[in-house]
Structure formats: C-alpha cells, structure tokens
Amino acid sequence: MMKNKFYITTPIYYVNANPHIGHAYTTIAADCLARFYREQGHDVYFLTGTDEHGQKIQKAAEQLNLSPKEFTDCISPKFKELWQTLNVSNDDFIRTTDARHIAAVQKFWEILKAKDEIYEGEYGGWYCVPDEMFWMESQLVDGKCPDCGRAVDFIKEKNYFFKLSKHQDWLLQYLKENPDFVFPQTRYNEVVGFLENNKLTDLCVSRPKSRLNWGIEVPFDREHVTYVWFDALINYISAIGFVDDKAKFDTFWPADIHMMAKDIIRQHAIYWPIMLKAAGLALPKQIVAHGWWKMGEIKMSKSLGNVVDPIEMVEKYGVDAFRYFLMRDVPFGGDGNFSTDSFEKRFNGDLANDLGNLVHRTANMISKYVDGKIPQGTALIWPEGIDSPILEKFVVQGGQASDLISKLAFNLYLAEVWDLIGAANKFVEQIKPWNLKKEGKQDEVINFLGIVVAVLKFSAQAIAPIMPSTAEKIKEQFSGDVIKIGEPLFPRVE
Ligand code: MSP
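Structural notes, computed from the coordinates. Everything numeric in this text was worked out from a predicted model, so none of it was measured.

Reading the values: the criteria
- Residues numbered from 1 in each chain as written.
- Predicted model: local features only at pLDDT ≥ 70, side-chain atom pairs only at ≥ 80, totals over all residues.
- Heavy atoms only, no water.
- Phe/Tyr/Trp six-rings, centres within 6.5 Å; stacked < 30°, edge-to-face > 60°.
- Helix = DSSP H or I, 4+ residues; strand = E, 2+ residues; numbered from the N terminus.
- Buried < 20%, exposed > 50% of the residue type's maximum accessible area, 1.4 Å probe, protein only.
- Lys NZ or Arg CZ within 6 Å of the ring centre and 35° of its normal.
- Axes fitted to C-alpha atoms, helices over the stretch in contact; angles between N-to-C directions.
- Parallel < 35°, antiparallel > 145°, perpendicular 65-115°, else oblique.
- Contact = heavy atoms within 4.5 Å.
- Salt bridge = Lys/Arg side-chain N within 4 Å of Asp/Glu carboxyl O.
- Pairing = 2+ DSSP bridges.

## Examining the packing of aromatic side chains
Within the structure shown, the criterion is met by 42 aromatic pairs. Arranged with centres 6.1 Å apart and planes meeting at 50 degrees, the rings of Y25 and F332 form a pair that is tilted. Of this pair, Y25 sits in helix α1 (residues 21-39) while F332 sits in the loop between α12 (319-329) and β16 (336-337), and the two are 307 residues apart along the sequence. Pair check on accessibility: Y25 and F332 agree, each one buried. Of note, R266 hangs over the ring of F194, and the distance from its end group to the ring centre comes to 3.8 Å. Taking the ring centre of W170 as reference, the NZ or CZ of K277 above it sits at 4.9 Å.

Laid out in structure tokens, this is it:
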C-alpha cells in the first residue's frame, strides 16, 4: 500500500539578523503539523532553511568585514541550532548557497527560457548610489533619495524579465476554482482582490553584476545574477531533488502546505504559482499565511528591535511551555500580542495548575492508594451522581481524536484537550478519593484512578504534536505497570 505523503515547508529565513519569536512561530506551527501527520502514518517531508543571497545580506556582511559566504556560514547555523533547541523535527534544512539549490535555480531559468517565458529588457529608475537602491519617481522626496536625502541618478540597465502579466487571468481563474488554495479566507480574499484590481507587470528577475554580485548567476548570461525572490521560492523544489532525484521529487511534489506569515503572501500566491505554471510544474496544494506577533500593537521585527528572543524564553520556561503558548494564545491566522503577563498567566494556569497538577496528584494518589500499581486495561464505569458531561462522554465513548489540527485550529484543539484536563481535575474534587479510601471502597478507588489515568494518556497522545517532550514524560510515568513519579512538569513562576 502506498503511504500518503505530506510535504510541508516554512519560509527560508533571511540571515541578516538572528531569529526571533516570529520565525519560531511559523516553524513550530509547521512542526506541529509535521508531527501530527507522521503520527497519522503519512510519509512526511518537513523543510525549512535560510535565504542567503541579495543586497541586504551582502551589506550586512560588508559591515562586519566578512565575505557574504563567511557571513552566512556564521548565521545560518544559528537557525539550525534554534530549531534543534525548539525540538523542531525538520527532515531537511536548505540553504540557497547549497549546490543543489544553485543547480535547481539555473535549471529553472533554462526551462523558462526554452518556453519563451523570459525576455531581455531595459529597467529604468532613480538610483541612489550610496544606498544601492532603486526608487520610483513618486517615492522621491524633493527629488532626492527618501532614505538618505542624497541625490539620485536616473539609470537604465539591461535585465531579464519574466512574463508574469500574461498569466494573470489564468491565476485569477485558478483561485476562483480553488478557494482553499490560500488560507485563511481573509488572505484568500486579499489575493483575489489584488488580482481583480491591479494589472500585473512583468517581473524583473535579474540584476547586473556590476551592481550586485552576491547571487546565483543567470546560466545563459554570467554578467547577471538572479533576483532574490526568483531564487528563494525555488528552494521548495530544489530541496526535494528537482535536479538530482526524480523519484523523490515525484513522491513529494506538489507541496501540501507552504506555511508563512501574511507579509510574504503575494510572492507565494502570485509569483510562485505563475512561475510553476510557466515551467509546466504542478502547483502547491495550499498557501497558509498566519498573522503577526506584535509587541504593544507593533509588528515584531529585527529592524525595530522589539523582538522576543526564543532562546531566552526556553531557558526561562522550557521548550514545551513556549510551544504551548504560541499555539494556544492566538487563533491561527490572526495577529497576536506578546506580553510576559499573558505568557505567565497561561504558564501558571493551564500548565502548572491544570496539566502539571493533574499529572502530579494522580501519580501521588496511585502511589498512596494502590501501592503504585497503575490501574489500566479494565472497563471503566461512570460513577453515579457525578455531573461532568465532558468526562462522562470520554468514559462512555472513549477519547475521540479531534480533526481541529488538520483544520489549523490549534488553539481550539488545545482548548478542547484542556477542557478535558479541567474536568478531570474537578472530578478529583467531586469524587474525593481520600474518603473512598477511608471507607474501604477499593474498587471505586481503582475505577476512579483508571478514569484519570485514561484521561492523562489520551491527553499525552493529543498534545504530542505540540508538546512532544511533555507527552513523553507523561507516557513514561503512566505507561508501565508501576507508577514512576516524576519531577513537577511546570513549577509555578512568580
Ligand atoms: N526570505 C524571505 C522568505 C523567502 S521564502 C521563499 C523572508 N524572510 S524573513 O526572514 O523575513 O521571514 C519572514 C517570515 O518570518 C514571515 O513570513 C513569518 O513566517 C516569519 N515572521 C517574521 N516576523 C514575524 C512576526 N512578527 N510574526 C509572525 N511571523 C513572523 O521573508
């Protein structure tokens, strides 16, 4: 039997600064899906990586007196290490400086050229020499560079153009026929609206080396390098063997999900599908664009410096608490405001009081009331006179796996699991097992503990994609014959 495959990607991140919580968010969300589908038996390929060419990177390197390659060799591993720290299960890590990627970009150029989708043209604009930036007439301030106020020159240069515009109607039609192509709906509407109200122009996809040499050479004109987005998007196919592994490529392409935030939706929902169509390749199944993490209403970004460092978060609260907060606090798709207050509220509430407490008190009760023997395998009976619809349903019907993860409703998914955990904690107070024990009702004590253990095992399974090591720790404590009491999972923070 052929296994279902699931190919998921994150953006490849720019290496001109260290990773922050925004990058961590996308990558963790993708990781949750990768882990979820692996658990479901899919053949998963999960790709992330770094975007290393272009002027911004070249400049960042120059400032440190390094060559661009020395610079990117220094920063790219920081991303790789961060993903390890965050327990991210990526199968591959692509760098746009990898030989396999360079070969794929050049092959892509050749294909488009052969299909007459590329032409030579002239690019003109107001150029600020010191800033190395092109501006449109309308952007100039008093005829000067809007960034630095210095004089600008009008220059014209030869460049290669990709015939984006001729595919506009096709793309609009495709979107109309495939309303799930962009998720969530708001972003889909935005893309459709943009295409309905604007005329696409052809895309200038090369830069002369006289201006920029940190890029992938155009294979049929070595005096030009590839425009960064035209280079970067191709990573999604270069990583899975576009040039050198046909079997792998045929297995995994098209991607199931390209995950990102809303800032780069146009490149992914307009440029990329048209590039693929022009090259005669299949389109990804879905472009998923979530919202932004903000600090006091302002988007977090490296240029503003208002960023939260994921490593600091992990050192202070642990990996799983961080992963939990990101996936629980904001409905996926919308923006989120980060604050230490809301983080610590969730930490002390959901994690320490609810899950941590249930694990710890159950382990202790097993040790005290039934000589540490974990009650399991016997049919559970719902105790009469106890009012807890959520828990009763769980006992009577068994735990049902939710499909909210596959619908990308991570926060609702977690809320459901926490409803059950909350009900189990309340159940302990309702049943008062310490009284049952005193009254010698040992069968009822065992049945009670059996129910709580079943809830814990089910919860551990359910949270595994989001909190993999917590899930493991719970399973370790409750899966054998005898309880292994562990350290508190989430000691309260003050
Ligand atoms: N290199 C391009 C992507 C090329 S993909 C073919 C790029 N890089 S980036 O480093 O700027 O990363 C942008 C992505 O980082 C966003 O789409 C999102 O995934 C993540 N985020 C960066 N800041 C973010 C927030 N403040 N909030 C949420 N996600 C953010 O664009």
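Let's pick the thread back up.
## Some words on the packing of α1 against α12
The interhelical angle for the contact between α1 and α12, taken along N-to-C directions, is 90 degrees, at an axis separation of 10 Å. The orientation of α1 relative to α12 falls into the category roughly perpendicular. Residues I21, A24, Y25, I28, A29, D31, C32 and R35 of α1 form the contact with α12, whose participating residues are F322, R323, L326 and M327.

## Remarks on the pattern of salt bridges
One pass over the structure, following the stated rule, counts 31 salt bridges. Note that D73 is salt-bridged to K69, the shortest N-O span being 2.9 Å. Of this pair, D73 and K69 are both found in helix α3 (residues 68-85), 4 residues apart, which corresponds to roughly one turn of the helix. Exposure remark for K69: the relative accessible area of 34% places this residue in the partly exposed category. Note that D256 is salt-bridged to K285, the shortest N-O span being 3.1 Å. Residue D256 is found in the loop between α9 (246-252) and β12 (257-261), and its partner K285 is found in the loop between α10 (265-279) and β13 (287-290); the two are separated by 29 residues along the sequence.

## What to know about the sheet that holds β16
Strand pairing in a sheet relies on backbone hydrogen bonds, with the paired strands running either antiparallel or parallel. Pairing is mixed across the open sheet formed by 3 strands, whose spatial order is β15-β14-β16. With partners counted over all chains shown, the strands left at the sheet margins are β15 (298-299) and β16, one partner each. One ladder, built from 2 bridges, connects strand β14 (residues 293-295) with β16; its direction is parallel. Of the residues in β16, the one forming a bridge with K294 is N337.

## Considerations on the environment of A261
The residue A261 is located in strand β12 in this model. Separated by 100 residues in sequence, A261 and R361 have C-alpha atoms that sit 40 Å apart. Not counting residues within four places of it along the chain, the set of residues in contact with A261 comprises A289, H290, G291 and W292.

## Description of unusual backbone geometry
Most peptide bonds are trans, and most residues other than glycine sit at a negative phi. Omega for the bond connecting F183 with P184 falls within 30 degrees of zero, at -5 degrees, which places this linkage in the cis form. The residue P184 is located in the loop between β7 (182-183) and α6 (185-197) in this model. Backbone geometry places N87, a non-glycine residue, at a positive phi of 60 degrees. With respect to the helices, strands and loops of the structure, N87 is situated in the loop between α3 and β3 (92-95).

In short, the description is geometric, and any link to function would need to be established separately.
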